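The lines below spell out each chain.
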Amino acid sequence: MTDTTPPDVTTHAMAILPEDLPTAGSFFKPHRIVLLLIAAALVFCVAWFMRWDWLPQYLPRLGYGIIVTLAMLFSTSILGFLLAVPLGLVQVTGPWPLKALASGFCTIIRGTPLLLQLWLLYYGLGSVFPQFPAIRHSFLWPYLRESWPYGVAALTISFAAYEGEVMRGAFTGVPAGELEAARAYGMSRWTLFRRIWLPRAIHRALPTLNGETVLQLKATPLVATITVIDVYAVISKVRQDTYITYEPLLLLALIYMCLTGILVVAFRYLENRIPTRGA
Amino acid sequence: MAADSFINWGLLALEPPGWGGVLLHGLLNSIQIAIGGYAFGLLLGVGGAFGKLYGGPILRDLMECYTTIVRAVPELVLILLLYYAGTDALNQLLGLIGIGTVDISGLAAGIFVIGVVQGAYSTEVLRGAIKAVPAGQIEAARAYGMSPFKVMTRVTLPAMLPYAIPGLSNLWLIATKDTALLAVVGFSELTLVTRQAAGATKAYILFFCAAGALYLALTLVSNFFIKIIERHSRRGFVEQS
């Protein structure tokens with residue numbers, strides 16, 4: 001893995017990639033065994049000396065929170081990706097007004113913090129919508145009164161903007177010869193896009209996609225600030241109820257680490273299933 | 001008049017009836033934290049990268065744990081954890097020595113928290129950049145009899161800069177945006193100030209858009225300077241397409 005990104009591509013951040021995971025065999029070195037023992041002792045101390053009596057009471061709610069977090073993660077990633085494909089494509093082939101619009105959208109979204117976008121949608125639009133009777137009486141109103149649609153919207157937009165830029169690079173990176181060959185076969189523009197250009201671009205973008213998905217998982221706790229009850233919100237509730245500071249936060253960090261680990265392993269499995277030659 | 005009542009630009013005035021001055025002060029706080037956190041993170045990053053590349057097996061494993069944990073846990077959770085645990089641990093330490101407790105300023109805590117998060121990422125960026133430096137250059141420096149420290153300051157660090165700058169400029173942009181997360185622990189940086197102003201005046205959209213414009217301006221100005229620095233650091237390199 002080379003960490004040197006080309007100068008003009010501003011990626012989100014470096015997330016954990018499948019290559020970073022240790023293999024099982026690498027744990028059996030003398031110093032690693034000692035370190036593992038120390039870690040185990042630390043974990044034992046944390047489990048024994050800190051307060052965990054609140055845990056059984058909140059376990060069902062924690063499970064529910066994890067499900068909400070995962071639902072947020074997957075729905076926004078999929079929706080965001082569906083939005084990112086046209087965003088990237090338009091920036092490569094589109095007429096200049098669309099091109100400018102798409103790159104402006106990416107710049108604005110990537111230039112402002114997600115928390116601000118989330119609050120703009122929730123507090124801003126949330127305070128404007130009720131003023132219009134047409135919206136108040138439409139079938140959408142029961143959803144717009146809730147907070148989760150705003151969270152989904154903000155996370156989707158953010159993912160689309162970051163991934164749109166990645167897809168732009170991926171679309172440009174597909175070798176021109178392959179597209180020419182497809183054209184020479186007499187494929188129509190749509191068939192060419194569906195059969196050659198998009199699959200090749202996704203293939204190229206896949207490693208970055210892993211990282212972006214991990215980053216999206218790390219962005220989900222922000223929705224707790226607009227009263228969506230995800231796992232972070234459940235832990236905040238525990239801290240409010242019991243006045244315990246550290247234990248819930250440690251558990252939360254552990255939960256996110258496990259989720260990240262599962263995601264990374266799942267993506268590694270997925271990537272290995274796609275046949276590549278030489279690499 | 002209808003347009004006047006829809007957007008009340010007077011709310012953004014710099015003097016007290018308007019909130020413009022408050023917003024700018026929040027922006028100043030954000031920039032302070034971003035600069036401090038970034039510098040602290042860079043320090044940790046240089047240490048971490050050298051530890052990972054040249055350290056012993058135990059140091060290397062510990063560094064690996066640090067970067068993996070920080071990159072796997074959401075920034076928001078890390079900020080909460082470090083914000084409370086960090087201040088608490090420092091106070092207990094000072095209590096043990098017998099100095100008594102101190103009030104840790106939000107600014108220092110914010111810089112520490114952002115710095116620890118940034119440190120993990122810049123470790124990875126710098127490690128990649130150092131590995132991209134041709135080994136012969138470092139060997140040549142050693143052959144001249146330079147001490148390891150001199151090799152670092154005269155050869156390794158300058159030679160890796162062109163490889164590191166894209167990653168480092170990314171990190172700077174992330175640092176400016178991560179400061180917004182400190183709003184959740186109640187530090188009065190731009191996002192929290194904006195929310196207070198919006199809540200007080202009910203002009204939510206106006207204030208959030210204004211804050212967004214400030215963040216965007218910060219990003220665009222940064223981009224301008226990054227381009228200059230990048231061009232300067234890449235001088236002498238063959239331009240590739």
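Anything mentioned here points back to the structure above.
Participant: For this particular structure, what's the right way to read the overall build of chain B?
Facilitator: Counting secondary structure elements, chain B contains nine helices and zero strands. Mapped in sequence order, the helices and strands of chain B form the string α-α-α-α-α-α-α-α-α. Counting only C-alpha atoms, chain B reaches 75 × 60 × 30 Å along its principal axes. The buried share of chain B, taken over its 241 residues, is 48%. Nonlocal contacts in chain B, meaning residues at least 24 apart in sequence, comprise 74% of its contacts between residues at least 6 apart. Split by element, the accessible area of chain B, about 12000 Å² in all, is 68% carbon and sulfur. For chain B, the distance from the average site of its 15 positive side-chain charges to the average site of its 13 negative ones is 11 Å.

Participant: Help me understand the side chain of Thr-156 of chain A, please; the structure alone is not making it clear to me.
Facilitator: For Thr-156 of chain A, the position within the fold is in helix α7 (residues 148-173). In this structure, Thr-156 of chain A is in contact with Thr-76, Leu-79, Gly-80 and Leu-83 of chain A, ignoring residues within four places of it in sequence.

Participant: How should the pattern of salt bridges be read in this particular structure?
Facilitator: As a working rule, side chains carrying opposite charge can pair if their charged atoms are close by. Tallying each qualifying case throughout the model produces seven salt bridges over all chains. Measuring nitrogen to oxygen at the nearest pair gives 3.0 Å for the salt bridge that ties Lys-237 of chain A to Asp-241 of chain A. Of the two residues, Lys-237 of chain A and Asp-241 of chain A both sit in helix α10 (residues 231-242), four residues apart, roughly one turn of that helix. Between Glu-64 of chain B and Lys-52 of chain B there is a salt bridge whose closest N-O contact spans 3.5 Å. In this pair, Glu-64 of chain B is assigned in helix α3 (residues 57-72) and Lys-52 of chain B in helix α2 (residues 20-54), connecting sequence segments 12 residues apart. Taken together, the shared-partner salt bridges connect Lys-52, Glu-64, Glu-124 and Arg-127 of chain B into one network.

Participant: In this structure, what is going on with unusual backbone geometry? I would like to understand it.
Facilitator: Phi at Tyr-243 of chain A takes a positive value of approximately 60°, unusual for a residue other than glycine. Within the fold, Tyr-243 of chain A resides in the loop between α10 and α11 (246-273). Its relative accessible area of 73% is what places Tyr-243 of chain A among the exposed residues. Despite not being glycine, Lys-202 of chain B shows a phi value in the positive range, around 65°. Counting through the fold element by element, Lys-202 of chain B comes out in the loop between α8 (190-201) and α9 (204-233).

Participant: Explain the interface of chain B and chain A to me, please; I cannot follow it from the model alone.
Facilitator: Where interface size is given, it is often the accessible area lost as the parts come together that is meant. Taken together, the 48 residues of chain B in the interface contact 48 residues of chain A. Summed over both partners, the interface of chain B with chain A buries about 4300 Å², with 72% contributed by carbon and sulfur atoms. Looking at the side of chain B facing chain A, the largest losses of area belong to Arg-71, Lys-177 and Phe-208 of chain B, adding up to 14% of the total buried there. Scanning the region where chain B abuts chain A turns up one salt bridge. Taken together, the connections running from chain B to chain A amount to eight residue pairs in polar contact (both at pLDDT 80 or more). Taken together, the elements giving at least two residues each to the side of chain B that touches chain A come down to α3, α4 (75-97), α5 (106-132), α7 (148-178), α8 and α9 of chain B.

Participant: Looking at this structure, how should I read the packing of aromatic side chains?
Facilitator: The way to describe two aromatic rings as a pair is by their centre distance and the angle between their planes. What the rule picks out here adds up to 14 aromatic pairs over all chains. Taking 5.8 Å as the distance between ring centres and 40° as the angle between the ring planes, the aromatic pair formed by Trp-52 of chain A and Trp-54 of chain A counts as tilted. Of the residues examined, Trp-52 of chain A reaches a relative accessible area of 22% and is grouped as partly exposed. Judged by centre distance (5.4 Å) and plane angle (65°), the rings of Phe-171 of chain A and Trp-197 of chain A are edge-to-face. With Phe-171 of chain A in helix α7 and Trp-197 of chain A in helix α9 (residues 189-219), the pair connects residues that are 26 residues apart, well separated along the chain. Through successive ring pairs, a cluster of aromatic residues spans Trp-119, Tyr-122, Tyr-123 and Tyr-150 of chain A together with Tyr-204 and Phe-208 of chain B. Taking the ring centre of Trp-119 of chain A as reference, the NZ or CZ of Arg-195 of chain B above it sits at 4.6 Å.

Participant: Honestly, the packing of helix α2 (residues 55-93) of chain A against α11 of chain A in this entry has me stumped. Any pointers?
Facilitator: Each packed pair of helices is defined by two parameters, the angle between the axes and the distance between the axes. Residue and element names in this part refer to chain A. For the pair α2 and α11, the least separation of the axes is 12 Å and the interaxial angle reads 40°. Here α2 lies oblique to α11, going by the angle between them. Seen from above, α2 lies across α11 with right-handed handedness. When α2 is examined against α11, the residues Leu-55, Leu-62, Ile-66, Thr-69, Leu-70 and Leu-73 are found in contact with a partner set consisting of Leu-251, Ile-255, Tyr-256, Leu-259 and Leu-263. Among the residues forming the contact of α2 with α11, the class breakdown is 10 nonpolar, one polar and no charged.

Participant: Looking at this structure, how should I read the environment of Thr-245 of chain A?
Facilitator: If you trace the backbone, Thr-245 of chain A turns up in the loop between α10 and α11. Thr-245 of chain A sits in the partly exposed class, given a relative accessible area of 28%. Excluding anything up to four places from it in sequence, Thr-245 of chain A contacts Arg-239 of chain A together with Tyr-84 of chain B.

Participant: Help me understand the packing of α7 of chain B against α9 of chain B, please; the structure alone is not making it clear to me.
Facilitator: All names here are of chain B. Their axes nearest at 10 Å, the elements α7 and α9 cross at an angle of 170°. It follows from the interaxial angle that α7 and α9 lie roughly antiparallel. On α9, the residues touching Pro-162, Ile-165, Pro-166, Ser-169, Trp-172, Leu-173 and Thr-176 of α7 are Tyr-215, Leu-218, Thr-219, Ser-222, Asn-223, Ile-226, Ile-229, Glu-230 and Ser-233. Along the lines of polarity and charge, the residues of the contact of α7 with α9 split into nine nonpolar, six polar and one charged.

Participant: Even after reading the chapter, I still don't get the nonpolar core, so can you show me in this structure?
Facilitator: Taken as a class, soluble globular proteins show a tendency for nonpolar side chains to be buried jointly. With 105 residues, the main nonpolar core has Trp-119, Tyr-232, Leu-252 and Tyr-256 of chain A as its most contacted residues. By residue number, the principal contributor to this core is α7 of chain B, which donates 11 residues. Apart from the residues lying within four places of it in its own chain, the contact partners of Trp-119 of chain A are Gly-124, Thr-225 and Ile-226 of chain A together with Ala-183, Thr-191, Arg-195 and Phe-208 of chain B. Grouped together as the second largest cluster of nonpolar side chains are 19 residues, Phe-81, Met-167, Ala-201 and Leu-209 of chain A included.

Participant: Could you clarify how one ought to interpret α4 of chain B in this entry?
Facilitator: Since the α-helix turns once every 3.6 residues, residues separated by three or four places project in the same direction. Over its 23 residues, α4 of chain B runs 31 Å from end to end, which matches the ideal 33 Å to within 8%, given 1.5 Å per residue. Inspection of α4 of chain B places Glu-75, Leu-76, Val-77, Leu-78, Ile-79, Leu-80, Leu-81, Tyr-83, Asn-91 and Leu-94 of chain B among the buried residues, and these make up the whole buried set. Those residues of α4 of chain B that are buried are in contact with α9, α10 and α11 of chain A together with α3, α5 and α7 of chain B. Positive backbone phi, at 105°, marks Gly-98 of chain B, one or two positions downstream of α4 of chain B.

Cut-offs used in this document
- Residues numbered from 1 in each chain as written.
- Chains lettered and ligands numbered in written order.
- Predicted model: local features only at pLDDT ≥ 70, side-chain atom pairs only at ≥ 80, totals over all residues.
- Heavy atoms only, no water.
- Helix = DSSP H or I, 4+ residues; strand = E, 2+ residues; numbered from the N terminus.
- Buried < 20%, exposed > 50% of the residue type's maximum accessible area, 1.4 Å probe, protein only.
- Contact = heavy atoms within 4.5 Å.
- Areas by Shrake-Rupley, 256 points an atom, 1.4 Å probe, with all protein chains shown as cover.
- Lys, Arg positive; Asp, Glu negative; His and termini not counted.
- Charge placed at Lys NZ, Arg CZ, Asp CG, Glu CD.
- Salt bridge = Lys/Arg side-chain N within 4 Å of Asp/Glu carboxyl O.
- Buried area = accessible area lost by both parts, 1.4 Å probe.
- Polar contact = N/O pair within 3.5 Å; in protein donor to acceptor, adjacent residues only side chain to side chain.
- Phe/Tyr/Trp six-rings, centres within 6.5 Å; stacked < 30°, edge-to-face > 60°.
- Lys NZ or Arg CZ within 6 Å of the ring centre and 35° of its normal.
- Axes fitted to C-alpha atoms, helices over the stretch in contact; angles between N-to-C directions.
- Parallel < 35°, antiparallel > 145°, perpendicular 65-115°, else oblique.
- Left-handed = near helix turned anticlockwise from the far one by under 90°.
- Nonpolar A, V, L, I, M, F, W, Y, C, P; charged D, E, K, R; others polar.
- Core = buried A, V, L, I, M, F, W, Y, C linked by side-chain atoms within 4.5 Å.
- Expected span 1.5 Å × (residues − 1).

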